[in-house]
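Remarks on the overall topology
The lines below spell out each chain.
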Amino acid sequence: MPFIPHSETDVREMLATIGSDSIEELFDEIPDSLRTGKLSGVPEGMIEQEITRLMMQRAEADGRPLCFMGAGAYDHHIPAAVWEITTRGEFYSAYTPYQAEASQGTLQLIYEYQTMMAQLTGLDVSNASLYDGASGLAEAVLMAVRANRKSKSRRILIPTTVHPYYRQTTHTIVNNQKIELVEVPYCPEGGNTLAEALKQYEGEDIAALVIQQPNFFGILEDVDILTDWAHAQGALVIGVANPIAMALLKPPGAWGVKGADIACGEGQPLGVPMMGGGPYFGFMCCKQEFVRQMPGRIVGRTVDRDDVVGYTLTLQAREQHIRRSKATSNICTNQGLLVTAATIHMSLLGAEGLKRVAQACHANARKLVDALTASEYVEPVFKRPYFHETALRFSLPLDNVMRPLNAHNILPGYALQQDYPELADTLLVCATETRTDADIEMYADHLGRIIKTQTAAGCPVKPKMA
Amino acid sequence: MLIFEQSHVGRRALAQAPMQEADISDIPADMLRTDVPGLPSTSELQVVRHFTRLSQKNFSIDTQFYPLGSCTMKYNPRACNTLAMLPGFLARHPLAPESMGQGFLACMYDLQEILKEVTGMQAVTMTPMAGAQGEFTGVAMIRAYHDANGDSERTEILVPDAAHGTNPATAVMCGYKVREIPTDAQGDVDLEALKQAVGPQTAGIMLTNPSTLGVFERRIEEIAALIHEAGGLLYYDGANLNAILGKVRPGDMGFDVIHMNLHKTFSTPHGGGGPGAGPVGVSKRLEPFMPLPIVGYDGDQYYWITEAVRPQSIGRLSAFMGNAGVLMRAYIYARMLGREGMHRVADYATLNANYLMARLTAAGFDVAFPGRRATHEFIVTLKRQQKELGITAMDFAKRLLDYNFHAPTTYFPLLVPECLLIEPTETETREELDAFVEAMIRIQQEAENSPELLKEAPHTRPVRRLDEVRAAKQLDLAWSGAAE
């Protein structure tokens, strides 16, 4: 019996100890009318070599395409040591460190993680992580409403340059708590959020402003101006940041005069594979004054009765298992295993390594944009600096380009029209440090040939805009 | 020693980052970072050694018996990890077109079908990223259902007092008031109190069955009828699904919506506190409200079900497809167990729990509900030891660590004083259970003869009992020397 160690003798003797005749008898408190039949919809069991063959076939089927897609999940190099150590049984098969004395490994690691994230975001404290970037933003919004004692409005300004899926997730999660999410439109030329677009809210009661840097379009926002504007209104600032970019760009804690109050975002770029969308982890940091409003697990450093330094879960009075209906969130787990990977990843790269990765991402993205816009049918949409992705407009139907590129096993980017109807035939393209000059050339060459075929065949072509 | 304390300014042993700095001159200077974040400068060997040593300070399933009640700490088969981490799966971008993800989508779809079958539900969504998010999903759907019916007077969710803390916290996140229902002396829901509490204001009830008291709620059919007659819906907290897998299905018990904890019942790793996965199954009437994305199959191709098909969906709960890699591990586990294996899970989890309960009872320990069957777990109460010897459940738990056993869950459920909630799971050998019993007997003797051994425990771990008051009062959440 897979994974079940009992011999027939074991079963017989154990039942004798219990005083029962059969295992079946142990279920005699379940009403007969409810008993389950055969589970005929579940297939027969497979031995390890059979399931291995099946999974290898399915993994092969997905083709490992050359990835120029970002939009919230990024194809970075992950050092070999990261998952070698992360999947050690002592990390992999432990649980939440309720028994601190038997969990010092996980607890110290989380303390180190919290320190690294606080350093990276330029803020004072970090929690032990949330589920992912999108749900992390929802928790940050709830937290800001609790933390902003000057505001009574439960009103959040959220620019449309914030990832559309993050906005949707936030809506789903905060929707039943009478929180109002007000969308702020972006500047069509720059692809950023303008202070002028916020002017109409001046003097109004706003709990918080959300700023994503780089924003969903990859564009760099004027974070100082936006942050100072929000603080002048008595609103808190929630910064949504890319952890790789933070090694290069001004971190949320340094935005404007006073810095963002809460930073959150997707931790996936720090050593977590794209893996079809998860598991990733959401990070969350804040200024010291708001720590008691933070959701999720937090680890603190303390001493034992011999004055030896040790680590333990702390501030648990915020949490659901103590406060029940009055908790800051219903969240229970963090994403411990991913935090383990990220902590090892950050330790291996250090500040210098992360910065070089960030620089290489940016430089490669520029090369990619140069190579693709060499075609007269492709042009950048926004005229502002970007980090490692940006939007390109095609003057022929995007579908006609994307399908043949997919056939060459290239993921050319993310089509923006599904979330921004005004951005027709527009592709959000991304290059990380893992894309080589040859990769970029391959993309550009294929694209050139496809465009040539399309235009020669007399497909509808719009003139390139000046 | 912290990793930061092993850092050395100027050490650059980087093999993982580009060799050169790249040109970034087009980014305006006022957008750039001016300080250097305080991450360690260490060599690869230092990092590997540091984190390997840290791992060795943990108890885990792979190294110790871990009978943590309500957490189902069973063996996590290695094949599930190895196969979920095949390069083709790891390299899959979540927004890649369906045509380039048929292998991945096939696994997700198959798992949906398996979960539907074992729970007896009409449809399953796999996007919730943990049990607590599954609960949120379920209650948000209950609310969406009542709202769609114009039934907006329903403001209360009923929660038994034995429930997990996530239940009331979730109900509040969904905008509901919580009304607690007491438990009777046998560990079942107090039916009379429930009858008093149910009314036109009832949106639904959140139940765990078997309950957190380690017993099966015998009058579940009456409860279901009572709630349904009042127009409310039943939510099933699947924390204890391992106890009944293949024996009784939540759908057949009358539940309208359930979540499963795949990191419990389907043996995905607990990872030091996550990631979990909390798929949600629904009855027919809640299907239109399920969160997106969901995987569909047209007989030829797998595809994402979108908002166009499900306009009443409560929406999106994560950036992408929930914890896809966890779902993949659960799928591999489910395929290895197969139909017969599913039935065996509850069989042997229940056999182990009842055996352990019988042996501990024979050794003189008091169980909380002596007249009842154990399910996959049971409660020992140390109320007598506390009264007679001044020894608490905490003291027992800490002393168990010295005997190289992880402690059972302590002080939960809150209803039973000085409780140990013990869940051995089906993957433990009889010898391991016997060794645990021997340790409990010896600790009981120590409690009587040299109680200081327990009061001072643990003695063998890297640290002794920690000053938690100091941790909360003199907050130290990040190392102050990191930036130096």
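Thresholds, definitions, all that
- Residues numbered from 1 in each chain as written.
- Chains lettered and ligands numbered in written order.
- Predicted model: local features only at pLDDT ≥ 70, side-chain atom pairs only at ≥ 80, totals over all residues.
- Helix = DSSP H or I, 4+ residues; strand = E, 2+ residues; numbered from the N terminus.
- Buried ≥ 20, exposed ≤ 12 C-beta atoms within 10 Å, placed from the backbone.
- Contact = placed C-beta atoms within 7 Å.
- Rg over C-alpha atoms; globule rule 2.2 N^0.38 Å.
- Pairing = 2+ DSSP bridges.
- Nonpolar A, V, L, I, M, F, W, Y, C, P; charged D, E, K, R; others polar.
- pLDDT = per-residue confidence, 0-100.
- Axes fitted to C-alpha atoms, helices over the stretch in contact; angles between N-to-C directions.
- Right-handed = clockwise from strand over helix to strand, strands pointing away.
- Parallel < 35°, antiparallel > 145°, perpendicular 65-115°, else oblique.
- Left-handed = near helix turned anticlockwise from the far one by under 90°.

Concerning the overall build of chain A
Along its length, chain A carries 13 helices and 15 strands. Its C-alpha atoms give chain A principal-axis dimensions of about 85 × 55 × 50 Å. The proportion of buried residues among the 466 residues of chain A is 60%. For chain A, the share of sequence-separated contacts (at least 6 apart) that also reach a separation of at least 24 residues comes to 76%.

Quick look at the overall build of chain B
The secondary structure content of chain B amounts to 16 helices and 13 strands. For 484 residues, the compact-globule estimate of 2.2 N^0.38 gives 23 Å, and the C-alpha radius of gyration of chain B, at 25 Å, lies within 12% of that figure. Taken along the three principal axes of its C-alpha coordinates, chain B extends 75 × 70 × 45 Å. Split into buried and exposed, the 484 residues of chain B put 60% on the buried side. Across chain B, the fraction of contacts at a sequence separation of at least 24, relative to all contacts at a separation of at least 6, is 74%.

Some details on the sheet that holds strand β12 (residues 409-410) of chain B
Paired through their backbone hydrogen bonds, the strands of a sheet run either parallel or antiparallel. Residue and element names in this part refer to chain B. Spatially, β10-β11-β13-β12 is the arrangement adopted by the four strands of the open sheet, whose pairing is antiparallel. Only two strands of the sheet have a single neighbouring strand rather than two, namely β10 (366-367) and β12. Two elements, strand β11 (residues 378-381) and strand β13 (residues 419-422), share four bridges in a ladder whose sense is antiparallel. Bridge assignment links V380 to a residue of β13, and that residue is L420.

Brief notes about the interface of chain A and chain B
If you look at the interface, chain A gives 156 residues, while chain B gives 171 residues. With 19 residues, helix α11 (residues 336-372) of chain A is the single largest residue contributor to the side of chain A that touches chain B. Taken together, the residues of the side of chain A that touches chain B sort by class into 77 nonpolar, 54 polar and 25 charged.

As for the confidence of the model for chain B
With 100% of its residues at a pLDDT of 70 or more, chain B has an overall mean of 96. At the level of chain-chain contacts, confidence expressed as ipTM amounts to 0.97, with global pTM at 0.97.

Digging into the sheet that holds strand β5 (residues 233-238) of chain B
Residues and elements named next belong to chain B. As summarised here, the arrangement of the seven strands in space is β1-β7-β6-β5-β4-β2-β3, forming an open sheet in which the pairing is mixed. Each having just a single partner strand, β1 (123-125) and β3 (177-181) make up the two edges of the open sheet. Here the average twist between neighbouring strands, direction ignored, is 25°. Where strand β6 (residues 257-260) lies against strand β7 (residues 280-282), three bridges are found, and the strand directions are antiparallel. Among the inter-strand pairings, V257 is bridged to a residue of β7, identified as V282. Contacting β1, β6 and β7, helix α4 (residues 102-119) runs over the sheet at an angle of about 125° to β1. Against the sheet, helix α5 (residues 131-148) contacts β2 (156-160), β4 (202-208), β5, β6 and β7, and its axis sits at roughly 165° relative to β6.

Remarks on the pairing of β2 of chain B
Residues and elements named next belong to chain B. Burial analysis of β2 places five of its five residues in the buried class, the great majority of the element. Alternating residues of β2 divide into E156, L158 and P160 and I157 and V159, and every residue in both groups is buried. Between the parallel elements β2 and β3, the chain passes through helix α6 (residues 166-173) in a crossover that is right-handed. Of the pairings in the sheet, the one linking β2 to β4 comprises three bridges and is parallel in character. Pairing of I157 across the sheet is with G204, part of β4.

Notes on the packing of α4 of chain B against helix α11 (residues 324-362) of chain B
Helix-helix packing: each pair is described by the crossing angle between the helix axes and the interaxial distance. All names here are of chain B. For the pair α4 and α11, the least separation of the axes is 10 Å and the interaxial angle reads 45°. Classed by the angle they form, the pair α4 and α11 counts as oblique. Our pair here, α4 against α11, has a crossing hand that is left-handed. Residues C107, M108, D110, L111, I114 and V118 of α4 lie in contact with α11, whose contacting residues are L327, M328, A330, Y331, A334 and M342. Along the lines of polarity and charge, the residues of the contact of α4 with α11 split into 11 nonpolar, no polar and one charged.

Details of the pairing of strand β12 (residues 389-394) of chain A
Residues and elements named next belong to chain A. β12 sits mainly inside the fold: six of its six residues count as buried. Alternating positions in β12 separate into two faces, E389, A391 and R393 on one and T390, L392 and F394 on the other, with burial throughout. Pairing of β12 with strand β15 (residues 426-430), which is carried by five bridges, proceeds in the antiparallel orientation. Paired with E389 across the two strands is C430, which belongs to β15.

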